[in-house]
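If you want the building blocks of each chain, they are given just below.
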Amino acid sequence: QVKEKGRDAIEFFNEDMADKVSRQLVMEGDLHRALEGKQFALHYQPKVDMGTGTIVGAEALLRWHHPTKGLISPADFIPVLETSGLILDVGQWVLETACDTLVHWQAQGWWKPGMRLSINISPRQFRRAAFADDVLRTLKRYPIPENSLEMEVTEGIVIQQVDEAIVTMRRLAEQGISFSLDDFGTGYSSISYLKQLPVTVLKIDQSFVRDIVDDHNDRVLVETIITMGRLLDLDVVAEGVELEAQFDILQRYGCHYYQGFYFSPGVTLSAFDTMLAEHTVSA
Ligand code: C2E
Ligand code: MG
Ligand code: MG
Ligand code: MG
């Protein structure tokens, strides 16, 4: 009987795997055409000062408008970009598009000193030996405002080859690029790494923020991260803030900045332009 079950389980597993592999292959084919087909876009989610309510920057979030399937979430296609290596070209496109946007915001007079636009960097991009060189070469082509570009990396990216990661980050930091640790708390979260790495921002993962109102443990965790960030002189950003009650707790704990649907989801460039322009007028 156990054997029967075992065999069923294996067949089920195989079908499931085969199905998954074929779906990934189809998606990979579609992704090969997506860059040329101009099917990618960046959306921009405001990053907001908890004290003043002003927009202090934005995070660029990749969007894929599939010709027949519509809008596909990055969670579904970034893993395929990663395994296929397409992430290198797409990552370069994200960097150039973000630079274009920064140039545009400055030209419009909407971009104030100290504001930052962040882009997400995937492991495969970051670990490439030529990553820093390529980024610096690209930046030379765009007259972006000083210190306006930030890169979001996860702990997993940097932890495997810490020394190499530090060298890469330092080189880029010398040219005014700042680094944030994304999804903080979900990875290894070693405090000794935190002290070594040239990061200036901690982003508390939204999984900790989600239940902060009801879950005592999450509340303790979030308060600890905020306190630790402050003690280490890092800016702390809470992700995924959807409710006033969450906002209130985070503010009470001394969190500096937040992103989330409570203020705005990621929006198109033109919608963000409107937000920025209004923000500047009222300031
Ligand atoms: P992330 O960098 O942690 O980005 C935050 C995610 O949370 C975004 O999902 C954002 O839309 C979502 N979010 C923001 N506020 C809220 C909220 O209040 N509630 C909820 N439930 N969600 C919220 P998105 O855009 O689907 O991106 C998912 C992940 O894909 C990102 O997580 C990031 O790791 C990756 N990603 C996005 N754009 C890029 C990119 O250009 N390059 C790379 N390598 N990865 C990217
Ligand atoms: Mg991010
Ligand atoms: Mg995150
Ligand atoms: Mg995340």
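Heads up: these notes are all about the structure in this document. Nothing here was measured: the structure is a model prediction, and the numbers come from that model. (Residues numbered from 1 in each chain as written. Chains lettered and ligands numbered in written order. Predicted model: local features only at pLDDT ≥ 70, side-chain atom pairs only at ≥ 80, totals over all residues. Heavy atoms only, no water.)

### Considering helix α10 (residues 216–231)
Under the 1.5 Å per step criterion, the end-to-end length of α10 is 22 Å for 16 residues, consistent within 8% with the ideal 22 Å. For α10, the complete set of buried residues consists of D218, V222, I225, I226, M228 and G229. Within α10, the buried residues cover an arc of 165° as seen down the axis, which keeps them to one side. Residues of α10 that are exposed and angled more than 90 degrees away from the buried face: H216, N217 and L231. (Helix = DSSP H or I, 4+ residues; strand = E, 2+ residues; numbered from the N terminus. Expected span 1.5 Å × (residues − 1). Buried < 20%, exposed > 50% of the residue type's maximum accessible area, 1.4 Å probe, protein only. Arc of directions from axis to C-beta.)

### Here's the deal with the pattern of salt bridges
All chains considered together, the criterion is met by 11 salt bridges. For E150, the salt bridge identified is with K47, shortest N-O distance 3.3 Å. Remark: K47 occurs in strand β1 (residues 40–49) and E150 occurs in strand β5 (residues 149–154); sequence separation between them is 103 residues. The class of K47 is buried, set by a relative accessible area of 6%. Residue E96 is joined to R141 by a salt bridge in which the shortest nitrogen-to-oxygen separation is 3.5 Å. In this pair, E96 sits in helix α3 (residues 87–108) while R141 sits in the loop between α5 (131–140) and β5, placing the two residues 45 residues apart along the sequence. You can call R141 exposed: its relative accessible area is 52%. Taken together, the salt bridges that share partners define one network made up of E59, E152, K203 and E239. (Salt bridge = Lys/Arg side-chain N within 4 Å of Asp/Glu carboxyl O.)

### Some details on the coordination of the magnesium ion (ligand 2)
Around a metal, the idealised angle for a tetrahedral arrangement of four donor atoms is 109.5 degrees; for an octahedral arrangement of six donor atoms it is 90 or 180 degrees. E59 (OE), N120 (OD1), E152 (OE) and D182 (OD) make up the full set of protein donors to the magnesium ion (ligand 2), lying at 2.0 to 2.3 Å. Classification of E59 as buried rests on a relative accessible area of 4%. The partly exposed category is assigned to N120, whose relative accessible area is 30%. (Donors = N, O, S within 2.8 Å, 3.2 Å for Na, K, Ca; no water.)

### Focus on the coordination of the magnesium ion (ligand 3)
Surrounding the magnesium ion (ligand 3) are the protein donor atoms D182 (OD), D183 (OD), E239 (OE) and E239 (OE), which sit 2.2 to 2.3 Å from the metal. Linear spacing of the donor residues for the magnesium ion (ligand 3) on their chain is D-D-x55-E. Separating the magnesium ion (ligand 3) from the magnesium ion (ligand 2) is a gap of 4.0 Å, bridged by D182, which donates to each. You can see D183 sitting in strand β6 (residues 178–184) and its partner E239 sitting in the loop between β8 (235–238) and α11 (244–252), a full 56 residues away along the chain. The exposure class assigned to D183 is partly exposed, which follows from its relative accessible area of 26%. The class for E239 is buried, based on a relative accessible area of 8%.

### Quick notes on the site of ligand 1
Around ligand 1, 21 residues are found, and the nearest of them are R63, D182, Q206, E242 and F261. At a separation of 3.0 Å, an oxygen atom of ligand 1 approaches a polar side-chain atom of E59. Considering ligand 1 on its own, with 800 Å² of exposed area, one finds that the protein chains cover 81% of that surface. Sorting the residues of the shell around ligand 1 by element identifies β2 (55–66), α2 (74–84) and β6 as the ones contributing at least two each. When the residues that make up the shell around ligand 1 are grouped by side-chain class, the tally is 7 nonpolar, 7 polar and 7 charged. (Near = heavy atom within 4 Å. Polar contact = N/O pair within 3.5 Å; in protein donor to acceptor, adjacent residues only side chain to side chain. Areas by Shrake-Rupley, 256 points an atom, 1.4 Å probe, with all protein chains shown as cover. Nonpolar A, V, L, I, M, F, W, Y, C, P; charged D, E, K, R; others polar.)

### Considering the packing of α5 against helix α7 (residues 162–174)
Orientation of α5 relative to α7, taken along the N-to-C sense of each, is 15°, at an axis distance of 9 Å. Of the possible angle classes, the one that applies to α5 and α7 is roughly parallel. Judged by the twist between their axes, the crossing of α5 over α7 is right-handed. Along the contact surface, α5 presents F131, A132, D133, V135 and L136, while α7 presents T168, R171 and L172. Looking at the contact of α5 with α7, its residues break down into 5 nonpolar, 1 polar and 2 charged. (Axes fitted to C-alpha atoms, helices over the stretch in contact; angles between N-to-C directions. Parallel < 35°, antiparallel > 145°, perpendicular 65-115°, else oblique. Left-handed = near helix turned anticlockwise from the far one by under 90°. Contact = heavy atoms within 4.5 Å.)

### What to know about α7
The periodicity of an α-helix, 3.6 residues per turn, causes residues three or four places apart in sequence to face the same way. Its 13 residues place the ends of α7 18 Å apart at the C-alpha level, agreeing with the 18 Å of an ideal helix rising 1.5 Å per residue. Here α7 has its buried residues at V162, A165, I166, T168, M169 and L172. Projection of α7 onto a plane perpendicular to its axis shows the buried side chains occupying an angular sector of 165°, all on one side. Away from the buried face of α7 by more than 90 degrees, exposed residues D163, V167 and E174 are located. Phi turns positive, to about 95°, at G176, one or two residues after α7.

### Examining unusual backbone geometry
If a residue is not glycine, its phi is most likely negative; likewise, a peptide bond is most likely trans. Not every positive phi belongs to a glycine, and K38 is a case in point at roughly 55°. For K38, a relative accessible area of 72% corresponds to the exposed category. Even without glycine at this site, N147 takes up a positive phi of about 55°. The residue N147 is located in the loop between α5 and β5 in this model.

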